[in-house]
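Observations on chain architecture
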Protein chains: 2
Amino acid sequence: MAEFDLIELIRMRCARARADVRLGIGDDAALLAVPGGQALAVCTDTLVCGVHFPKDTAPYDIGWKALAVNLSDLAAMGATPAWATLALTLPDADAGWVAAFADGFAALAGECKLALAGGDTTRGPLTITVTAHGFVPEHLALRRTGAQPGDAVLVTGTLGDAAAGLALRQGALRPGRGEEQLIARLDRPVPRIAQGLLLRGRAHACIDVSDGLLADLGHICNASAVGAEIDLAMLPASPALLGLVADDARVPLQLGGGDDYELCFTAAPALATGLLNDLARSGCAATRIGRIVAEPGVRVRDVDGAFIASPRAGWEHFSS
Amino acid sequence: MAEFDLIELIRMRCARARADVRLGIGDDAALLAVPGGQALAVCTDTLVCGVHFPKDTAPYDIGWKALAVNLSDLAAMGATPAWATLALTLPDADAGWVAAFADGFAALAGECKLALAGGDTTRGPLTITVTAHGFVPEHLALRRTGAQPGDAVLVTGTLGDAAAGLALRQGALRPGRGEEQLIARLDRPVPRIAQGLLLRGRAHACIDVSDGLLADLGHICNASAVGAEIDLAMLPASPALLGLVADDARVPLQLGGGDDYELCFTAAPALATGLLNDLARSGCAATRIGRIVAEPGVRVRDVDGAFIASPRAGWEHFSS
């Protein structure tokens, strides 16, 4: 299959009529119109085969996930997704593989009304880089820097599911009821876009949990020059996770497993109840899991209120 | 070296104070302000080690080239560069390598006052994806679609140098005087940004020559539903190329070698002289090499005016 046929195959599936795409796939660059009064939010994330997804992941899921991890970053800024570019490096031009990949990408893009505006296809080891673009009024953007001592710490959805899904895929966890849901959390994460929009102007700080709760909450704390205390008993767990993983094995997955793509955010306690109600109505409930404190660092309290030694703080590339 | 140290190393070298970067490297997404009345031009290009540059290329040159090939796309739209994101996949976190890479990227970014606004670092086979952003008033953007029969076809700079540089690097061409210049054209292409700006509102169609003149002029012709005739005798060649490569070996390099990163464009003949003068004053002279015709296809005339059989039409991934 020739490169131009491959591009056409992707374009047919992933391009989308948007009035603000003045010129889409097929020229040297896309021409895009950013609405007045909005900042352009831009993020980029790469998925490397065997590092960010298991080698046997279905191409549909790879396409979905490559976009999802980027939309999760936009969600964490409180931005509305608009466009993406796709840089796809492939070992060979397998039309069936590319079609399924593009279908997965397009399925999520369609849900968000996002247009693929451009890209590049190259030959090499399977690697996917998506750059996503969205809009947010600058003064409403959710940064990492605004957390204040006394803030409540909250998180959307449930934690540890994707990490359990990976353990299932790797044979490190015994299969059982609910395993499909856990694996789906790994392969088809759902970016919390609507929830990010609800947090605009209400959350003091926000991040998406991609490297594990402790690591990502740590980023908020570092950026805000504060610390945090987490209550182990409050960490949200899905019924599938509770059913398949014993307590002692579950906690490390929830605190440091990564790939959750939930939003972790802080807000004034007086606003927390209203936020929780609005988020529950949005279809993705949130949970209050702790508080921001002045003392640096992220610490975890067990059910008796005593601090516990923290497990590994999260996924980091290039760590030994 | 930890991932966050690596990011900091790149940030120190490549971030740049620009008033329109409201929030740069270090949050979930960058926040950028697009000036009113301008379209956002966005392009993305990937370099894969061993495919887009020889394995022994210096990291400084890889950093330069990764940005240059993208700025060449912006130049071909007539856009002013503003920001880029960098997705860097590395087999290991060698601080010296990354510093040299970032220095090369920063050297070109500095010349263009472009800010690195965000990125991602991952572990895997050496692959670099840059997404570049620039501005151009929508009605002045240089597209591929406007070529008209009777237009002059022009090209900036000289053709075939980078292809000769690659042949030198691969040992397929005997070294000699001027070889450094040819290899520099391969390793440190200079995007024709100022020239693209001069073409705004004057060129009918424009593309950057990355896959070879015949292939890229072919893209203009296909997009514009026209054809082109090129005069072999008019193809611009550098003194270094003329000195090192015999005529019969030179022509395929000029027509199909790729990696030139010159601008190929069409314009009304009445405007061609003024354009040629302005381009010469810009520091990168252009040459009139042929004309647009109604009949589809790109054909080449030899010095006697007879059509010649065309060599391979240009670089394409996934071709057998």
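Here's what I pulled together on the structure shown here. The numbers attached to residues start from 1 for each chain and follow its sequence in the written order. Chain letters start at A and ligand numbers start at 1, both assigned in the order the entries are written. With pLDDT at 70 or above as the cut-off, local features in this predicted model cover only qualifying residues; side-chain atom pairs require 80 or more to be listed or tallied, and sums for whole chains, interfaces and linings still use all residues. Processing note: side-chain calculations cover all non-hydrogen atoms of the structure and skip hydrogens and water entirely.

What follows concerns the overall build of chain A. Of the regular secondary structure elements, chain A holds 10 helices and 13 strands. Here the C-alpha atoms of chain A give a radius of gyration of 20 Å, agreeing with the 20 Å that 2.2 N^0.38 yields for 320 residues. For chain A, the C-alpha atoms occupy an extent of roughly 65 × 50 × 35 Å along the three principal directions. Here's how the labels work: a residue is buried when its accessible area is under 20% of the maximum for its type, exposed when over 50%, partly exposed in between, all with a 1.4 Å probe on protein chains only. Relative to its 320 residues, chain A shows a buried fraction of 59%. Contact definition: two residues touch when any of their heavy atoms are within 4.5 Å. For chain A, long-range pairs separated by at least 24 residues make up 84% of all intrachain contacts whose partners lie at least 6 apart in sequence. Values of accessible area rely on a 1.4 Å probe in the Shrake-Rupley scheme; residue burial ignores everything except the protein chains shown. About 11700 Å² of surface is accessible on chain A, with carbon and sulfur atoms providing 53% of the total. Distance from the positive charge centre (26 side chains) to the negative charge centre (36 side chains) of chain A: 5 Å. Helix numbering and strand numbering both begin at the N terminus, where a helix is a DSSP run of H or I of at least 4 residues and a strand a DSSP run of E of at least 2. Each radius of gyration is computed over the set of C-alpha atoms, and the globule rule expresses the reference value as 2.2 Å times the number of residues to the power 0.38. The charge count treats Lys and Arg as positive and Asp and Glu as negative. His and the chain ends do not count. Positions of charges follow a simple convention, taking NZ of Lys, CZ of Arg, CG of Asp or CD of Glu.

Moving on, we come to the relation of the copies chain B and chain A. Overlaying chain B on chain A yields an RMSD of 0.0 Å, the required transformation being a rotation through 180 degrees with an accompanying axial translation of 0.0 Å. What the rotation and shift describe, once combined, is the action of a two-fold rotation axis. The residues that chain B uses at the interface reappear at the interface of chain A in 100% of cases, marking a shared surface. Superposing the copies works by least squares over the C-alpha atoms of residues that have pLDDT at least 70 in both of them.

When we look at burial in helix α9 (residues 247–256) of chain B, the residues that qualify are Arg250, Val251, Leu253, Gln254, Leu255 and Gly256 of chain B. Elements in contact with the buried residues of α9 of chain B: α4 (161–169), α7 (213–224), α8 (239–244) and β12 (297–301) of chain B.

What follows covers the interface of chain B and chain A. Note on interface size: it is often stated as the accessible area lost on association of the parts. Across the contact, 62 residues belong to chain B and 62 residues belong to chain A. Basic side-chain nitrogens of Lys or Arg form a salt bridge, by our definition, when they fall within 4 Å of a carboxyl oxygen of Asp or Glu. Across the contact surface, chain B and chain A share six salt bridges. Among the elements that take part in the side of chain B that touches chain A, strand β3 (residues 39–48) of chain B stands out by supplying nine residues, more than any other. Only Asp, Glu, Lys and Arg are considered charged, only Ala, Val, Leu, Ile, Met, Phe, Trp, Tyr, Cys and Pro nonpolar, and every remaining residue, Gly among them, polar. Partitioned by chemical class, the residues of the side of chain B that touches chain A number 32 nonpolar, 16 polar and 14 charged. A pair of strands is labelled paired if DSSP reports no fewer than 2 bridges between them. Relative to β3 of chain B, strand β2 (residues 30–32) of chain A runs antiparallel, the two being bridged by three bridges.

Here we come to the sheet that holds strand β13 (residues 307–308) of chain A. All names here are of chain A. Spatially, the seven strands line up as an open sheet ordered β8-β10-β7-β11-β9-β12-β13, and their pairing is mixed. The sheet is open, and its two borders are formed by β8 (205–209) and β13, each paired with just one other strand. Bridge count between strand β12 (residues 297–301) and β13: two bridges; the pairing is antiparallel. Residue pairing across strands places Val300 opposite Ile308, the latter belonging to β13. Strands β7 (152–156), β8, β9 (227–231), β10 (262–267), β11 (286–293) and β12 of the sheet are contacted by helix α7 (residues 213–224), whose axis makes an angle of about 155 degrees with β8. For helices, the axis comes from a line fit to the C-alpha atoms of the stretch in contact; other axes are also lines fit to C-alpha atoms, and the angle between any two N-to-C directions lies between 0 and 180 degrees.

Residues and elements named next belong to chain A. Counted by the stated rule, this structure contains 42 salt bridges over all chains. Note that Glu229 is salt-bridged to Arg301, the shortest N-O span being 3.0 Å. Here the residue Glu229 occupies a position in strand β9, and Arg301 occupies one in strand β12, the gap between them amounting to 72 residues. In the salt-bridge network here, residues are joined through shared partners; they are Glu229, Asp231, Arg291, Glu295, Arg299 and Arg301.

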